[in-house]
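# Chain and residue survey
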Number of protein chains: 10
Amino acid sequence: MPRPELLETFDNPYAGRDYEVHMDCSEFTSLCPLGGIEGDAEELALLKGGAPDFGTIRITYIPAAKCIELKSLKLYLWSYRNDGIFYERAVNRILDDLVATSKPKWMRVIGDFNVRGGVKSVITAVHGKPPATK
Amino acid sequence: MPRPELLETFDNPYAGRDYEVHMDCSEFTSLCPLGGIEGDAEELALLKGGAPDFGTIRITYIPAAKCIELKSLKLYLWSYRNDGIFYERAVNRILDDLVATSKPKWMRVIGDFNVRGGVKSVITAVHGKPPATK
Amino acid sequence: MPRPELLETFDNPYAGRDYEVHMDCSEFTSLCPLGGIEGDAEELALLKGGAPDFGTIRITYIPAAKCIELKSLKLYLWSYRNDGIFYERAVNRILDDLVATSKPKWMRVIGDFNVRGGVKSVITAVHGKPPATK
Amino acid sequence: MPRPELLETFDNPYAGRDYEVHMDCSEFTSLCPLGGIEGDAEELALLKGGAPDFGTIRITYIPAAKCIELKSLKLYLWSYRNDGIFYERAVNRILDDLVATSKPKWMRVIGDFNVRGGVKSVITAVHGKPPATK
Amino acid sequence: MPRPELLETFDNPYAGRDYEVHMDCSEFTSLCPLGGIEGDAEELALLKGGAPDFGTIRITYIPAAKCIELKSLKLYLWSYRNDGIFYERAVNRILDDLVATSKPKWMRVIGDFNVRGGVKSVITAVHGKPPATK
Amino acid sequence: MPRPELLETFDNPYAGRDYEVHMDCSEFTSLCPLGGIEGDAEELALLKGGAPDFGTIRITYIPAAKCIELKSLKLYLWSYRNDGIFYERAVNRILDDLVATSKPKWMRVIGDFNVRGGVKSVITAVHGKPPATK
Amino acid sequence: MPRPELLETFDNPYAGRDYEVHMDCSEFTSLCPLGGIEGDAEELALLKGGAPDFGTIRITYIPAAKCIELKSLKLYLWSYRNDGIFYERAVNRILDDLVATSKPKWMRVIGDFNVRGGVKSVITAVHGKPPATK
Amino acid sequence: MPRPELLETFDNPYAGRDYEVHMDCSEFTSLCPLGGIEGDAEELALLKGGAPDFGTIRITYIPAAKCIELKSLKLYLWSYRNDGIFYERAVNRILDDLVATSKPKWMRVIGDFNVRGGVKSVITAVHGKPPATK
Amino acid sequence: MPRPELLETFDNPYAGRDYEVHMDCSEFTSLCPLGGIEGDAEELALLKGGAPDFGTIRITYIPAAKCIELKSLKLYLWSYRNDGIFYERAVNRILDDLVATSKPKWMRVIGDFNVRGGVKSVITAVHGKPPATK
Amino acid sequence: MPRPELLETFDNPYAGRDYEVHMDCSEFTSLCPLGGIEGDAEELALLKGGAPDFGTIRITYIPAAKCIELKSLKLYLWSYRNDGIFYERAVNRILDDLVATSKPKWMRVIGDFNVRGGVKSVITAVHGKPPATK
């Protein structure tokens, strides 16, 4: 169950300048939704042999008043560990939660998932206009 | 024989935001057309020693109302396994079938084929205008 | 909680010849033991911010009468997902469980764990004498 | 259906010296056996969504009187394309067929298969004693 | 002696859509011109110890009515094998010959040559305007 | 304690032309701030087991009248060695100090930090408008 | 100043079996000795522009009764951070300290240091006889 | 002592078309200037232990009437071998000499130098406007 | 037509010590034999579209009284350029010619050929006993 | 002109234990001998366009009473910079000079030279018996 309440921020120490923060979180894991039903899937999955999903979440943003605290980000991503969720929903959900908490000038979230059955999936979602200096 | 009727879609879970989905299908295989004649080539080919083709199909799209269901995509690509088809036709055919089924805002299909006789071929076909945020 | 009862075997289809089977399971994950106490650590860990562990389990063996069934191996390794356990214990425990179930002529288990705090750990445990042909 | 009758040999052009021939066939593909039943699996598999297997077959041998003809080897490996067979059986079967046809002084066959569900499998089978010069 | 008469084309199977074809021919070889004189250099060169040139020819084009037939392209490139020619001339000559034969909407030829005396050379020539979708 | 007074410059030897200088300093190290308090952290950290940070500082600039002297840059970066500082502050501080000392036409500083707890951070800050020729 | 008193051990959880533990500590840093004099070099070095040394310490051992506690190892290696010491002495000193603390059946320490002036240095020291199973 | 008189050109064999020539000269070496004094540094340097500099010079240009002769370029770059010169000056000097000799439509020279004291330097200088087709 | 008379040697400058010389010749090319018939294949091949072969010849030896002269080795390998020859024969022939010319204490020749139809071939032939110090 | 008198040693700080020191000197350069004549070749070579040689010298040894001082080793290797010398002689000469100066228990010198005319050369020379623990 994603827990956005775990996310914390700190005051941007250089608010007078637009700069970019990038974080690669290479140890994201969640569970496949079972029978198309998302939610707490652990017990069902273990019985049926569904495979956990693994991937890297790549976050890039230009902070406004707030920066995302690194340790709280890890805890938040960890809260997907035993959750059954589709790739598309996970990436958009993470973007929504991070935007709501840190209100950045621009943010992009990429979910770069491991190969499943010979297919690698990468989902990219963006909030706000890309800055002129990109 | 390509079987587009195997393709399935599901409702885009974040239809309010343009986001990008990328899928690398690294285990695509088909057969060389024999004597310039495309179609079911297995029996002929086995007798004459024609080589199967291998490659990666890279699909990128911005979903509108529908997303492409991953397992059905694998089944659809699998239906090329015993089909004799030119690279150029295969890539454009896959793009046509995926567009017809999922009606995306934008889609690109790249066929990245293994070396044959010292030559590597890559075919790229696009449907729609590239989004402003690309 | 490791569940060795999930492991299944099938009859070695070529029992008359010594041959080698190698399996790389790159998506192993468990939890750090908390305060030196191993066991079901999820609730505690989530509160305290302990980091999950990730790694690759590399298994090599020479089958005797039985081979290890691949899907059951995945389920068994998955049962470490929410367990707090030290690296050294995990690798030796996996070796013990696999040996008890499949009684191989020789087996080696390597736990190749991701970097933690700038340190990468690799644990190697072996059962039986290495075959003459190694 | 593996067809060893496709294999051809030619006279070793340097029979007076022990030398080594190595061939990497990176485009091997077969089908998963369905419900544990090996055989011609195409129709069943297509209905049920079973995934084809892909891998590299690595063959090393010291020829005696005969060398394996390269094109016939490709045709032989191609005959596994629509066959449902376990990894362990495939590698040992290929070794048996090649040994029966070419009677080498020593031969090793390695099946190095693509990741399936996060697990990579490598099977190694050897015929004869490794040469002193290895 | 370059032999453009070896080049063949086939009708573009998807003429209604602009798409891109890329071919990497990694086994191009020609001879150094001797004493600044281009032409059939084999006999002279063998006597004087001039080194053959090796490289990769990378061709990218958007077909109009015709596509370049792959096998005929290999034969055409092979016709440089015993020809003494400068890098700059070879790349522009290949572009001219391919444009004359296939009349593409746009074409780029890159000659990416192996290191000679510690220097690597790459020559790039383009015909037509780059397409808007590039 | 960062010591910008260590930075030295020399007269730009080609002031009549805009050109770009790039420097990758791959051996940057500082300390984690303790309890959110930045400053001289060595004694506290050693007692509590906080981990030092490591990374690469990538500096790119277009010199105006002055170039940054390489050895003095190393000394300046070295002055962070026993300092507790956040990533965001370190990168912006380095940019400020370099701009103040060398007054470049344009400058970018990237802090590319090693993985910490499975997360890699990259911070990018820019001074001035990117040049037209970029 | 190296502080071996920081090293801690825990009871080997599988003392009945010889197994191997490998740890790569990629963020080792110390200082160059100044004027051939080893010791606390920070103040002197900063004045004279001596460069810090960086490298990876690779430790492999077969535990007897005790295993080395990972966090204490990091603290111990960290205690070299502001110490001026030669490569040869550092590696042998680390081996001595680890052997004295953990009394392993066999241990090897490799110091793999970054390039200095175009030269890369690797120092390898071993305690005890390599095990028969190596 | 750089000797631009060694540079030779030949007539552009395809002057009717703008095309690009790229040359990577990976074996450039010069000497550090001593005490900030540039010039013939060999004798002094050998006595004082200054380190030679190594790097790759990457040249890209669009020829007008003349192309740069490859062998003469190597001789010219070789004339820096025993010369003490700063990176910034070397790259701009090479650009000036090549432009004066070959009068290209556009030219870029990149000096990509080896790590010195943990810092890698890359200097980029350009002559003329980048072509529209870049 | 291989021309061993092109090979030259020079006196071993350190005949009192056994040392090893290794040469990687990465630009070997010959032609496929046509219809199983080896010999001068150029004219026939060009008509029928047979592909040239490319590969690397790796030579390692311990010189006795003579060393192989590098330029003459290149000329000798170049004499295979327009010759139709099987891989197995080429490697053994090269070994025979080099042994006859230079009479080394030990020599190994490896032919590491490019992929053909998805198969990579590596042929290894050895003359003499491997030295004790290998 | 090689100048072994530049080599310096220091007392082995751990003489009671056999340990191994490895040094990779990646920036070795010398000149080709001209017309088979070794010696000071700079002037002649510059006139005739002979190419300098580049490579890496890899030194591994087990010190007895003395260790090789790193800076003096660089100076010594630098003394080959303007010397015309064959690969075989250079490697054996370096081994002789290092053995005479440091009297190691065992030493190996490898000269790993850059590609020249499509050929890469590696020369390996050893002094003394390899240690039992290798």
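Residues numbered from 1 in each chain as written. Chains lettered and ligands numbered in written order. Predicted model: local features only at pLDDT ≥ 70, side-chain atom pairs only at ≥ 80, totals over all residues. Heavy atoms only, no water.

## A word on the overall build of chain A
- Check the secondary structure of chain A and you find three helices and eight strands.
- In chain A, the order of α-helices and β-strands from amino to carboxyl end is β-β-β-α-β-β-α-β-α-β-β.
- A burial count over chain A gives 59% of its 134 residues as buried.
- Looking at chain A alone, contacts between residues at least 24 apart form 74% of all its contacts between residues at least 6 apart.
- Carbon together with sulfur atoms contributes 56% to the accessible area of chain A, which is approximately 5,400 Å² in total. (Helix = DSSP H or I, 4+ residues; strand = E, 2+ residues; numbered from the N terminus. Buried < 20%, exposed > 50% of the residue type's maximum accessible area, 1.4 Å probe, protein only. Contact = heavy atoms within 4.5 Å. Areas by Shrake-Rupley, 256 points an atom, 1.4 Å probe, with all protein chains shown as cover.)

## What about the interface of chain A and chain B?
- Of the residues lining the interface, 16 residues belong to chain A; the matching set on chain B comes to 16 residues.
- Taken over both partners, the interface formed by chain A and chain B buries close to 1,600 Å², and the fraction arising from carbon and sulfur atoms is 56%.
- Contact with chain B buries surface across chain A, with A:E88, A:N92 and A:V119 losing the most and accounting together for 31% of the total.
- Our enumeration of links across chain A and chain B arrives at one salt bridge.
- A salt bridge links B:R17 to A:D96; the shortest N-O distance between them is 2.6 Å.
- Inspection of the region where chain A meets chain B yields seven residue pairs in polar contact (both at pLDDT 80 or more).
- Looking at the side of chain A that touches chain B, the elements that each hand over two or more residues are α3 (87–102) and β8 (119–127) of chain A. (Buried area = accessible area lost by both parts, 1.4 Å probe. Salt bridge = Lys/Arg side-chain N within 4 Å of Asp/Glu carboxyl O. Polar contact = N/O pair within 3.5 Å; in protein donor to acceptor, adjacent residues only side chain to side chain.)

## With respect to the nonpolar core
- Core analysis: the largest hydrophobic core is formed by 155 residues, its most contacted members being A:L73, B:L73, E:L73, F:L73 and H:L73.
- Not counting residues up to four positions away in its chain, the partners in contact with B:L73 are B:L7, B:M23, B:C25, B:I59, B:I68 and B:L98.
- Within the second largest apolar cluster, 154 residues are counted, among which are C:I59, C:L77, I:M107 and J:L73. (Core = buried A, V, L, I, M, F, W, Y, C linked by side-chain atoms within 4.5 Å.)

## Quick word on the environment of G:Y19
- Here G:Y19 is to be found in strand β2 (residues 19–31).
- A residue is classified by how much of its surface remains accessible, and G:Y19, at 2% relative accessible area, is buried.
- Distance in space between the C-alpha atoms of G:Y19 and G:F54 is 30 Å, their sequence separation being 35 residues.
- If near-sequence neighbours (up to four positions away) are discounted, G:Y19 is found in contact with C:E88, C:N92, C:I123, C:T124, C:A125, G:N12, G:P13, G:Y14, G:Y61, G:I62, G:P63 and G:C67.
- Among the polar contacts listed, one links the side chain of G:Y19 to the side chain of G:N12, at a separation of 2.8 Å.

## Concerning the relation of the copies chain A and chain B
- Take chain A, turn it by 72°, move it 0.0 Å along the axis, and it overlays chain B with an RMSD of 0.0 Å. Accordingly, the operation relating the two chain copies is best matched by a five-fold axis. (Least-squares fit on C-alpha atoms with pLDDT ≥ 70 in both.)

## Considering the packing of aromatic side chains
- Overall, the coordinates contain 54 aromatic pairs over all chains when judged by the stated rule.
- Considering the side-chain rings of B:F86 and E:F10, the 5.6 Å spacing of their centres and the 20° angle between planes classify their relative orientation as stacked. Of this pair, B:F86 sits in the loop between β6 (83–84) and α3 (87–102) while E:F10 sits in strand β1 (residues 9–11), each in a different chain.
- Of the aromatic side chains, those joined through ring pairs into one cluster are A:F28, A:Y76, A:Y80, A:Y87 and A:F113. (Phe/Tyr/Trp six-rings, centres within 6.5 Å; stacked < 30°, edge-to-face > 60°.)

## A few points about the environment of C:F10
- Exposure remark for C:F10: the relative accessible area of 22% places this residue in the partly exposed category.
- Along the sequence, C:F10 and C:K66 sit 56 residues apart, while their C-alpha atoms lie 5.6 Å from each other.
- Excluding residues within four positions of it along the chain, C:F10 makes contact with C:A65, C:K66, C:C67, C:I68, C:E69 and D:E88.

## Some words on helix α3 (residues 87–102) of chain G
- Here α3(G) contains 16 residues, and its C-alpha end-to-end distance of 23 Å stays within 8% of the 22 Å for a straight helix at 1.5 Å per residue.
- Trailing α3(G) by a residue or two, G:K103 shows a phi angle of about 45°, which is positive. (Expected span 1.5 Å × (residues − 1).)

## A few points about the pattern of salt bridges
- According to the stated counting rule, one finds 100 salt bridges over all chains in the structure shown.
- Between G:R116 and F:E27 there is a salt bridge, and its shortest N-O distance comes to 2.9 Å. Remark: F:E27 occurs in strand β2 (residues 19–31) and G:R116 occurs in the loop between β7 (106–113) and β8 (119–127); the pair is interchain, linking two chains.
- Here the salt bridges share partners, and the residues they tie into one network are A:D24, A:R58, A:D112 and A:K120.

## Details of the side chain of H:R17
- On the secondary structure map, H:R17 appears in the loop between β1 (9–11) and β2 (19–31).
- When its relative accessible area of 17% is taken as the criterion, H:R17 is described as buried.
- Looking at H:R17, its side chain comes within polar contact range of the side chain of E:N92, at 2.8 Å.

## With respect to the packing of helix α2 (residues 70–78) of chain I against helix α3 (residues 87–102) of chain I
All names here are of chain I.
- The N-to-C vectors of α2 and α3 enclose an angle of 145°; their axes lie 12 Å apart at closest approach. The chirality of how α2 crosses α3 is right-handed. Taken together, the residues of α3 that come into contact with α2 (itself represented by L73, Y76 and L77) are R93, I94, D97 and L98. (Axes fitted to C-alpha atoms, helices over the stretch in contact; angles between N-to-C directions. Left-handed = near helix turned anticlockwise from the far one by under 90°.)

## Re the side chain of C:T124
- Considering the arrangement of structural elements, one finds C:T124 in strand β8 (residues 119–127).
- Looking at C:T124, the relative accessible area reads 16%, which means it is buried.
- In contact with C:T124, not counting residues within four places along its chain, are C:R108, C:V109, C:I110, G:Y19 and G:E20.

## Notes on the pairing of strand β4 (residues 52–62) of chain E
All names here are of chain E.
- Counting buried positions along β4 yields 10 of 11 residues, so the element is predominantly enclosed.
- For strand β2 (residues 19–31) and β4, the ladder comprises nine bridges, and the chain directions are antiparallel. The partner of T29 across the bridge, within β4, is F54.
- When β4 meets strand β7 (residues 106–113), the two strands line up antiparallel, connected through eight bridges. The residue bridging I57 from the neighbouring strand is G111, located in β7. (Pairing = 2+ DSSP bridges.)

## Comments concerning the environment of D:A64
Residues and elements named next belong to chain D.
- Among the secondary structure elements, A64 is positioned in the loop between β4 (52–62) and β5 (66–68).
- Taking the C-alpha atoms as reference, A64 lies 18 Å from I94; in sequence the two are 30 residues apart.
- Sequence-distant contacts of A64, that is, excluding residues within four places in its chain, are made with N12, A15, K103, P104 and K105.

## A word on the pairing of strand β7 (residues 106–113) of chain H
All names here are of chain H.
- Taken across its eight residues, β7 has seven buried, putting it largely inside the fold.
- Across six bridges, the pairing between β7 and strand β8 (residues 119–127) is antiparallel. Note that in β8 the partner of M107 across the bridge is H127.

## Quick notes on the state of the cysteines
Residues and elements named next belong to chain J.
- Scanning all chains against the criterion turns up zero disulfides over all chains.
- With no disulfide partner, C25 has as its closest neighbouring cysteine sulfur the one in C67, 15 Å distant.
- Accessibility expressed as a relative area gives 5% for C25, which makes it buried. (Disulfide = S-S within 2.5 Å.)

## Observations regarding helix α2 (residues 70–78) of chain E
- Among all positions in α2(E), only E:S72, E:L73, E:L75, E:Y76, E:L77 and E:W78 are buried.
- N-cap assignment for α2(E): the residue whose side-chain oxygen lies 3.2 Å from the backbone N of E:K71 is E:E69.

## Regarding the confidence of the model for chain A
All names here are of chain A.
- Considering every residue of chain A, the mean pLDDT works out to 87; 84% of them sit at 70 or more.
- When mean pLDDT is compared element by element in chain A, strand β7 (residues 106–113) scores highest at 98, while helix α1 (residues 42–48) scores lowest at 47.
- The ipTM for the predicted assembly is 0.86, set against a pTM of 0.91. (pLDDT = per-residue confidence, 0-100.)

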